[in-house]
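Each chain, written out:
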Amino acid sequence: MKSNTSFFGLFFLMLCSQFLVAQNQEKNTVLSKNYCTEIGRFDLLIDNDEVAGSYLLIHKNALGGVWGRLKDTIMTGRWHDADGKGDIIMTFSKDFSFFTADYRSDDEPEKWYKNSWHGAIRPNSNNSFDFNNKTYRCE
(Lines give C-alpha, C1' and ligand atoms only; values in the text may rest on other atoms or scores of the structure.)
Protein backbone atom coordinates (compact mmCIF):
# COMPACT_ATOMS: atom_id res chain seq x y z
CA MET A 1 0.00 0.00 0.00
CA LYS A 2 2.78 2.42 0.88
CA SER A 3 4.49 1.98 -2.51
CA ASN A 4 1.19 2.74 -4.33
CA THR A 5 0.76 5.92 -2.26
CA SER A 6 4.34 6.96 -3.09
CA PHE A 7 3.82 6.15 -6.76
CA PHE A 8 0.59 8.17 -6.98
CA GLY A 9 2.14 11.01 -5.01
CA LEU A 10 5.12 11.08 -7.38
CA PHE A 11 2.80 10.82 -10.41
CA PHE A 12 0.71 13.73 -9.08
CA LEU A 13 3.83 15.88 -8.54
CA MET A 14 5.06 15.09 -12.06
CA LEU A 15 1.66 15.97 -13.52
CA CYS A 16 1.56 19.26 -11.60
CA SER A 17 5.09 20.19 -12.66
CA GLN A 18 4.26 19.52 -16.33
CA PHE A 19 1.18 21.75 -15.99
CA LEU A 20 3.25 24.55 -14.43
CA VAL A 21 5.93 24.28 -17.12
CA ALA A 22 3.30 24.45 -19.87
CA GLN A 23 1.59 27.38 -18.16
CA ASN A 24 4.88 29.30 -17.79
CA GLN A 25 5.78 28.69 -21.44
CA GLU A 26 2.49 30.25 -22.52
CA LYS A 27 3.06 33.37 -20.38
CA ASN A 28 6.71 33.81 -21.34
CA THR A 29 6.57 35.63 -24.66
CA VAL A 30 9.75 37.26 -25.94
CA LEU A 31 9.23 40.25 -28.21
CA SER A 32 11.88 41.20 -30.74
CA LYS A 33 11.91 44.75 -32.11
CA ASN A 34 14.24 46.26 -34.72
CA TYR A 35 14.49 50.04 -34.75
CA CYS A 36 16.16 52.74 -36.82
CA THR A 37 17.59 55.64 -34.79
CA GLU A 38 19.61 58.81 -35.33
CA ILE A 39 22.82 56.90 -34.56
CA GLY A 40 22.03 53.65 -36.39
CA ARG A 41 20.30 50.33 -35.98
CA PHE A 42 18.92 49.25 -32.59
CA ASP A 43 17.73 45.69 -31.90
CA LEU A 44 15.74 45.01 -28.76
CA LEU A 45 14.44 41.94 -26.91
CA ILE A 46 11.67 42.18 -24.32
CA ASP A 47 11.11 39.18 -22.04
CA ASN A 48 8.26 39.95 -19.64
CA ASP A 49 9.74 42.88 -17.68
CA GLU A 50 13.37 42.38 -18.72
CA VAL A 51 14.78 44.33 -21.66
CA ALA A 52 18.11 43.96 -23.47
CA GLY A 53 19.27 45.49 -26.70
CA SER A 54 22.23 46.36 -28.86
CA TYR A 55 22.85 49.29 -31.16
CA LEU A 56 25.42 50.41 -33.68
CA LEU A 57 27.24 53.71 -33.20
CA ILE A 58 27.79 54.51 -36.88
CA HIS A 59 30.17 57.40 -36.15
CA LYS A 60 32.48 55.08 -34.16
CA ASN A 61 31.71 51.81 -35.95
CA ALA A 62 31.15 50.24 -32.52
CA LEU A 63 28.40 48.36 -30.75
CA GLY A 64 26.62 49.49 -27.62
CA GLY A 65 24.08 47.92 -25.34
CA VAL A 66 21.16 48.68 -23.04
CA TRP A 67 19.47 46.55 -20.42
CA GLY A 68 16.90 47.16 -17.76
CA ARG A 69 13.39 46.59 -16.41
CA LEU A 70 10.17 47.45 -18.16
CA LYS A 71 7.11 48.77 -16.38
CA ASP A 72 4.20 49.34 -18.77
CA THR A 73 5.95 51.23 -21.59
CA ILE A 74 8.88 52.68 -19.63
CA MET A 75 12.24 50.95 -19.34
CA THR A 76 14.68 52.05 -16.65
CA GLY A 77 18.18 50.69 -16.98
CA ARG A 78 21.77 51.11 -18.07
CA TRP A 79 23.67 51.75 -21.31
CA HIS A 80 27.28 51.03 -22.26
CA ASP A 81 29.16 51.85 -25.48
CA ALA A 82 32.38 53.36 -26.88
CA ASP A 83 31.33 56.80 -25.57
CA GLY A 84 30.92 55.59 -21.96
CA LYS A 85 28.21 54.15 -19.74
CA GLY A 86 25.38 55.35 -17.57
CA ASP A 87 21.67 55.37 -16.80
CA ILE A 88 18.90 55.37 -19.39
CA ILE A 89 15.13 55.79 -19.38
CA MET A 90 13.36 54.68 -22.55
CA THR A 91 9.70 55.53 -23.16
CA PHE A 92 7.93 53.45 -25.79
CA SER A 93 4.66 54.02 -27.60
CA LYS A 94 1.89 51.60 -26.57
CA ASP A 95 2.58 49.31 -29.53
CA PHE A 96 6.38 49.64 -29.14
CA SER A 97 6.69 51.08 -32.66
CA PHE A 98 8.50 54.22 -31.45
CA PHE A 99 10.69 55.20 -28.50
CA THR A 100 12.41 58.21 -27.04
CA ALA A 101 15.22 58.04 -24.50
CA ASP A 102 16.75 60.18 -21.77
CA TYR A 103 20.22 59.23 -20.59
CA ARG A 104 23.15 60.38 -18.52
CA SER A 105 26.76 59.34 -18.30
CA ASP A 106 28.46 58.03 -15.18
CA ASP A 107 31.13 60.70 -15.90
CA GLU A 108 28.50 63.48 -15.57
CA PRO A 109 25.73 62.03 -13.37
CA GLU A 110 24.04 65.40 -12.82
CA LYS A 111 23.59 66.06 -16.58
CA TRP A 112 20.63 64.31 -18.23
CA TYR A 113 20.26 64.36 -22.01
CA LYS A 114 16.48 64.63 -22.29
CA ASN A 115 14.51 63.42 -25.32
CA SER A 116 17.80 62.98 -27.15
CA TRP A 117 17.61 59.49 -28.71
CA HIS A 118 14.67 58.32 -30.80
CA GLY A 119 13.79 55.20 -32.71
CA ALA A 120 11.07 53.95 -35.01
CA ILE A 121 10.36 50.40 -36.15
CA ARG A 122 12.62 49.47 -39.02
CA PRO A 123 10.89 49.65 -42.41
CA ASN A 124 11.28 46.64 -44.69
CA SER A 125 12.79 48.33 -47.72
CA ASN A 126 14.78 51.42 -46.75
CA ASN A 127 18.06 51.87 -44.89
CA SER A 128 17.00 55.30 -43.62
CA PHE A 129 14.00 57.60 -43.44
CA ASP A 130 13.06 61.06 -42.18
CA PHE A 131 10.48 61.65 -39.47
CA ASN A 132 9.83 64.76 -37.36
CA ASN A 133 12.84 66.57 -38.85
CA LYS A 134 15.19 63.73 -37.87
CA THR A 135 16.91 61.16 -40.09
CA TYR A 136 16.67 57.59 -38.83
CA ARG A 137 19.37 55.16 -39.96
CA CYS A 138 18.90 51.42 -40.03
CA GLU A 139 22.40 50.22 -40.92
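Residues numbered from 1 in each chain as written. Predicted model: local features only at pLDDT ≥ 70, side-chain atom pairs only at ≥ 80, totals over all residues. Heavy atoms only, no water.

A few points about the overall build of the chain
Check the secondary structure of the chain and you find one helix and 10 strands. N-terminal to C-terminal, the α/β element order of the chain is α-β-β-β-β-β-β-β-β-β-β. Taken across its 139 residues, the chain has 27% of its residues classed as buried. A sequence separation of at least 24 residues applies to 29% of the contacts in the chain between residues at least 6 apart. When the accessible surface of the chain is split by element, carbon and sulfur atoms take 55% of a total near 9,300 Å². (Helix = DSSP H or I, 4+ residues; strand = E, 2+ residues; numbered from the N terminus. Buried < 20%, exposed > 50% of the residue type's maximum accessible area, 1.4 Å probe, protein only. Contact = heavy atoms within 4.5 Å. Areas by Shrake-Rupley, 256 points an atom, 1.4 Å probe, with all protein chains shown as cover.)

Remarks on the packing of aromatic side chains
In total, this model carries 12 aromatic pairs according to the counting rule given. Each ring, one from Phe-42 and one from Tyr-55, has its centre 6.2 Å from the other, and the planes form 65 degrees; the classification is edge-to-face. A residue pair is termed long-range when its members are at least 10 positions apart, and Phe-42 in strand β2 (residues 41–47) and Tyr-55 in strand β3 (residues 50–57) qualify at 13 residues. Here Phe-42 matches Tyr-55 in class, with each residue buried. Judged by its relative accessible area of 0%, Phe-42 is buried. One aromatic cluster is present, built from ring pairs that chain together Tyr-35, Phe-42, Tyr-55, Phe-92, Phe-96, Phe-99 and Trp-117. The positively charged end of Lys-114 is found above the aromatic ring belonging to Trp-112, 5.6 Å away from the centroid. (Phe/Tyr/Trp six-rings, centres within 6.5 Å; stacked < 30°, edge-to-face > 60°. Lys NZ or Arg CZ within 6 Å of the ring centre and 35° of its normal.)

A few points about the nonpolar core
Residues Phe-42, Ile-88, Met-90, Phe-92, Phe-99 and Trp-117 are the most contacted members of the largest nonpolar core, which totals 18 residues. Counting residues per element, the ones that place at least two in this core are β2, β3, β4 (62–71), β5 (74–81), β6 (84–92) and β7 (98–105). (Core = buried A, V, L, I, M, F, W, Y, C linked by side-chain atoms within 4.5 Å.)

Observations concerning the pattern of salt bridges
A side chain with one charge can pair with a side chain of the opposite charge if their charged atoms come near. Following the criterion strictly, the structure yields seven salt bridges and no others. If you follow the salt bridges from partner to partner, you end up with Arg-78, Asp-87, Arg-104 and Asp-106 in one network. (Salt bridge = Lys/Arg side-chain N within 4 Å of Asp/Glu carboxyl O.)

Some remarks on unusual backbone geometry
The backbone of Asn-48 sits at a positive phi, close to 55 degrees, despite the residue not being glycine. As for its position among the elements, Asn-48 is in the loop between β2 and β3. Phi is positive for Asn-115, which is not a glycine, with a value near 50 degrees. A relative accessible area of 46% places Asn-115 in the partly exposed class.

Concerning the layout of surface pockets
Here the largest pocket defines a volume of roughly 280 Å³. Together, 17 residues line the largest pocket, and Ile-39, Trp-79, Asp-81, Asp-83 and Tyr-103 are the ones closest to its centre. If one sorts the elements of the lining of the largest pocket by residue count, strand β8 (residues 112–121) sits on top with three residues. (1 Å grid on protein atoms, 1.4 Å probe; cavity = no way out; pocket = protein on both sides within 12 Å on 5 of 7 lines; lining within 4 Å. Points joined across faces, edges and corners; volume = space filled by probe spheres on them.)

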